[in-house]
Amino acid sequence: MENEEKLADKSIIELATFYVGDALCGMDILKVQEINKLMEMTVVPQAPDYVKGILNLRGQIVTIIDLGRKLGLDETALGDDPRNIIVNAPGEHIGLLVRQISDVVMADLEKVEPAPANMSGIQGSYFLGVYKTENRLIGILDAEQVLRMETDSRTGPAAGGSVA
Amino acid sequence: MSIEDDEILQGFIEESLEHLADIENDLLAIEEAGADIDDELVNKVFRAAHSIKGGAGFMGLTVIQELAHAAENVLGMIRSRKLVPDPDIINVLLLASDELQQLIENVEESNEVDISEHLQALNAIYEGKEIPARTAAEGDTGDSASAPPESDQEASTAPESPAEAEPDPEPEPEPEPVAAAAPEPEPEPEPVPEPAARPEPEPARAETAPEPAPAPAAEKKKKIKKSKHKTDTSIRVTVSLLDQLMNLAGELVLSRNQLLQTITSGDVRSAEAVGQRIDLVTSELQEAIMLTRMQPIGNVFNKFPRVVRDLSKKLGRQIDLTIVGKEVELDKTIIEAINDPLTHLIRNSVDHGIEPPDVRVRQGKDPKGLIVLKAYHAAGQVVIEISDDGKGIDGNRLADIAIKKGLITVEQAKAMSDKERTNLILLPGFSTAEKVTDVSGRGVGMDVVKTNLDQLGGSLEIESEVGKGTTISIKLPLTLAIIPCQIVMTGGERYAIPQVNLEELLRIPAAKVKERVERVGDAEVVRLRGNLLPLIRLSDVLGIERTYFDVITEETREDKRRNIADRRSKSSPLFRDKDVEQEQTGQEQEEEKAAARTGRERRQSPSSALNIVVVSTGAMKYGLIVDRLHDSEEIVIKPLGRHLQQCRGYAGATIMGDGRIALILDVSNLARMAGLTSLDGSDRANELADAARDAISKTRDKQALLIFSSSPEEQFGVPLNQVERVEKIRRSDIEDVGGRRVMQYRGGSLPLVSIDEVAAVQPLADQEDLLVIVFHLAGKDIGLLAIGPIDAMEVAADIDDITLKQPGIMGSAIINGHTTMLIDIFEIVQTVNPDWFVDHPMSMQVDEEAEVVILVVEDSNFFRNQVKGYMEEAGYSVLEAEDGVEALRVLEDHVDEITMVLSDIEMPKMDGFELTEKIKNDPRYRHLPVIALTTLAAEEDVARGKAVGFDEYHIKLDKERLMASVHRYATAGVAA
């Protein structure tokens, strides 16, 4: 009940939090479609290094992005308790592989502070800001920035063929 | 209008369009027959016109009714032999039927259309002769009874129609198209090449036809002339096919129940049976559903007799069109999509292929040209051939033109085969030449045709002999949704290779590897029936670890042997002797044989053998080495996400039976990725295509760039016009003085910077030979350290100003396949030497009271943002517009604020010339200075610019000069 009251206040959002490397990150829970532990991925040779593979999610092909790699940290080890956070992207679903998931945290947007240039080794540009709880610091990830392509798809002559 | 009416109207439209589609070809046949009037044919057309008239009258569509009535009158006269149909009369009738078609397609507005022209023409014919005796009603009743028995006979007497001239072996036994009326007694036949004559549907159809008059009229005639739907939102399916689908759906439900039961009971044995049943039902269901989408290619072909007739009349040609294989069925989407390309090709054949009659006679040919349009099945694909006996395409002339246009080099042209030269016509960029049609015979938009076909997964080939004629073959897939694939395995993952690309599977046993596989330079090739086949290792192309599959342990293991030839076992002489004769092209047999040998031999043999998938893409053929061959499966293509779009080796992905994903290989891109130097030179085609692409890109907005590097991995570019000169120096020439790097240059010290001092890029390569690119900025010289290779080129690439933007880097573009960072030399210099610009006007803040507002008109986001950035940095306000039209709108709204206009020249909708002309001719705007921002610096452009009233010309990205001039006008404007 208390939560509902809080949610009625527009500046309060729920953050799904998870660990990328050692950093505790969060993302607006409304952006998350589901969280699963399907690790039967098909490796795609020649894919960008941050792409862990592709996954069959109930008949849909989902690209899994290793969030650790994407944010410039080490590869996420599958040994811990990894999860895929499936998020909605334009035209498709994309999975973000994280080392471990954590709680859902209520965050007051008004108390979110601008992200430092660098947080636990992650580029500040991936964060919308940081949120302080009593004992922890949560980096709020900018989902769009994370899902963006690093290089443009207009590489090579294959794409150029459509010029005509 | 009530729903009921709506349905009736819809029915009327569909039916009428079907009639009209028939009328066209029938009229042509009537024209052909001349005075020798075929009653049956005329009757049919008459009835069609009549039923359109009747329906239109009922619906209150007076205009349609009137026109149909007038046409019917004329037809009535022909029928009663009071009028001999000549080409003029037929022409009028054809035009009327075209008009009817348009009216019906646009039925809502049809009553407002003016058809007096058609009515006059028709009535003139009608009144010029005697009044026809028959009324419409008579025609109706008399014919529906007599129609069915006559139809067969009629069809066979028809061949004088151009639609089915002599060589057509059997024009009439067409399978009923799906679009036909419902009461077809049996499901659609499979698209078999030569269906036998099918007498049985005839009577059945006549009996069960739903509407008495119109239906038999449409049905009983040659079935080839079936409807073509212009507005194809719905599809007609025979009831029997629907019944079959219903049945199968029922079966599926039953099987599901069985399956659920089996799962609950855990009975493994019956599970197998259920599985089989579901397998069967699904594949039947799939087939039946595909059938609903299949339509005869005749739907497209049928309009060509008219096209050829009209065009040949216009151009003074005499042409026979022979159509073969109208019954061949293709997926509806493909049928729709090939309409335009085919029309284009046919028109080309008439226009440029067939010579005028006098020329033909002089060359000893029949004055009547022949165009054959043929469709048939081959190797799971549909082939459409368009051949003419015209003058052919002169490959040498094409090559000359291509060289002149810079699409290929002289050397390339020399190395080409005749066929390759002919196919030059498909190069994008080729067709833009104005004169191609005159010189070569063909060429307008052939690349567009090819692009369209490529999108369908089809291919196009041209064969031509000068003086003899041209044959264009198009290969199309039957359908796009489900494709059969060969599944292979490499590196522990499965991959699918589309069966259309698959030639054969080849297995080379260990003992033969050394003998069969040879090395030519870096490439490995295998001897296959006397030919050399280049080999590509899938694992190498994809950049994964080489592995091999150990059949004994069923494991995928790392393969450390470097060459294929090294794969042979070194340990067992025994094995070598015994295995010498063994060569199979199938893994199963191989394994069986191997299993029959001793354990030791088995260990060596199968796992050392090579599994090769021989694939072909167009003219190129190569062998793809994989670890294992699996079964062939029908798969459903699913697209890959956007993060994987850059992986060119895949055409998509599919989900396998076990729920895991397999990637679908794109064999032509794989060959390209492997840099395959093909043995038959098809690779040159790729080079040519690349060259052509470059040519195309030249026609777009260009930017002259100096391309250079700073480290071996990264490529940079800088606008050429900013560069003063380029010096070659040695590292020892650089002096480190006072914390700055300088070198001696023209008697002074030239300060040196490198990009990595400002931007986060790789440090300057540590090498002895360096380049210094000298820029002149803020009245001083500065040198940028760089390394080669250095190149100047005109680039039209899209510039991305987001992804790689950082201090000193204004954006990036793909140039010749490399990501190239465009450096912002001002920013670099400003960062390194901030004091340089302090007293320079370009950084001067505009502090006058009046605000300076600049309208920047530029279609490229990148340049607009760039220029806007410069302006805002200098303290000006900026308004933006994407093209001339928008600019005028903005001017209108902000006329009092705007101080000057900066405009690009090349823009969509309204270009810079036109915009400036408009500005300078409008008293409200005339006072505004207009500065052209351009990449076009040709003399005539400058002259034209001056003529329309540009005040000044500046090269895009030449920030310094631009700012100086903006500043000058700004101060002048404010002062005034």
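Residues numbered from 1 in each chain as written. Chains lettered and ligands numbered in written order. Predicted model: local features only at pLDDT ≥ 70, side-chain atom pairs only at ≥ 80, totals over all residues.

S.K.: Can you explain the confidence of the model for chain B? Please cite residues and give values.
M.R.: All names here are of chain B. Confidence in the prediction of chain B, expressed as mean pLDDT, is 71, and 72% of residues score 70 or more. When the criterion is pLDDT under 50, residues 129-232 qualifies, and its contacts beyond four places in sequence or with other chains add up to 194 contacts. For residues 677-689, every residue scores under 50 in pLDDT, and the model assigns this stretch 22 contacts once sequence neighbours within four places are set aside. Interface scoring of the predicted complex returns ipTM 0.80; its pTM is 0.42. (pLDDT = per-residue confidence, 0-100. Contact = placed C-beta atoms within 7 Å.)

S.K.: So, unusual backbone geometry: which residues are in play, and what are the values?
M.R.: Residue and element names in this part refer to chain A. Residue Gln46 is not a glycine yet carries a positive backbone phi of 75°. Relative to the helices and strands, Gln46 is located in the loop between strand S3 (32-36) and strand S4 (51-57). C-beta crowding within 10 Å serves as the criterion here: with 16 such atoms nearby, Gln46 is assigned to the partly exposed category. (Helix = DSSP H or I, 4+ residues; strand = E, 2+ residues; numbered from the N terminus. Buried ≥ 20, exposed ≤ 12 C-beta atoms within 10 Å, placed from the backbone.)

S.K.: Account for the sheet that holds strand S31 (residues 853-857) of chain B, with residues named and values stated.
M.R.: Residue and element names in this part refer to chain B. Within the open sheet, the five strands sit side by side as S32-S31-S33-S34-S35. Their pairing is parallel. Of all strands in the sheet, those with a lone pairing partner are strand S32 (877-881) and strand S35 (952-955), marking the two edges. Each neighbouring strand pair of the sheet contributes to a mean axis angle of 25°, computed without reference to strand direction. Taken together, the five bridges between S31 and strand S33 (residues 898-904) define a ladder with parallel strand orientation. For Val853, the partnering residue across the bridge sits in S33 and is Ile898. Running over the sheet, helix H28 (residues 861-873) touches S31, S32, S33 and strand S34 (930-934) and is turned about 165° from S32. Sheet strands touched by helix H30 (residues 912-920): S31, S33 and S34. Its angle to S33, the strand with the most contacts, is close to 155°. (Pairing = 2+ DSSP bridges. Axes fitted to C-alpha atoms, helices over the stretch in contact; angles between N-to-C directions.)

S.K.: Before we move on, can you summarise helix H27 (residues 825-832) of chain B with the specific residues and values?
M.R.: Each α-helix turn comprises 3.6 residues. Residues three or four places apart therefore point the same way. Those residues of H27(B) not exposed but buried are Ile825(B), Phe826(B), Ile828(B) and Val829(B). In a view along the axis of H27(B), the buried residues occupy a sector of 165°, so they form one face of it. (Arc of directions from axis to C-beta.)

S.K.: An account of the packing of helix H2 (residues 39-59) of chain B against helix H3 (residues 62-79) of chain B is needed here, citing residue identities and associated values.
M.R.: All names here are of chain B. Look at H2 against H3: their axes get within 8 Å of each other, and the N-to-C directions meet at 160°. When the axes of H2 and H3 are compared, the pair comes out roughly antiparallel. Read as a crossing pair, H2 and H3 show a hand that is left-handed. Contact residues: Asp39, Val42, Asn43, Val45, Phe46, Ala49, His50, Ile52, Lys53, Ala56 and Gly57 in H2; Ile64, Gln65, Ala68, His69, Ala71, Glu72, Leu75, Gly76, Ile78 and Arg79 in H3. Of the residues contributing to the contact of H2 with H3, the split by class is 11 nonpolar, six polar and four charged. (Parallel < 35°, antiparallel > 145°, perpendicular 65-115°, else oblique. Left-handed = near helix turned anticlockwise from the far one by under 90°. Nonpolar A, V, L, I, M, F, W, Y, C, P; charged D, E, K, R; others polar.)

S.K.: A description of the sheet that holds strand S5 (residues 60-66) of chain A should follow, citing residues and the corresponding values.
M.R.: All names here are of chain A. The sheet built from five strands is open, its strands ordered S3-S6-S7-S5-S4 with mixed pairing. For this open sheet the edge positions go to S3 and S4, each flanked by a neighbour on one side alone. Strand-to-strand twist of the sheet, defined as the mean angle between neighbouring strand axes without regard to direction, takes the value 30°. Relative to S5, S4 is paired through six bridges, and the arrangement is antiparallel. Bridge pairing in S5 links Gly53 to Ile64.

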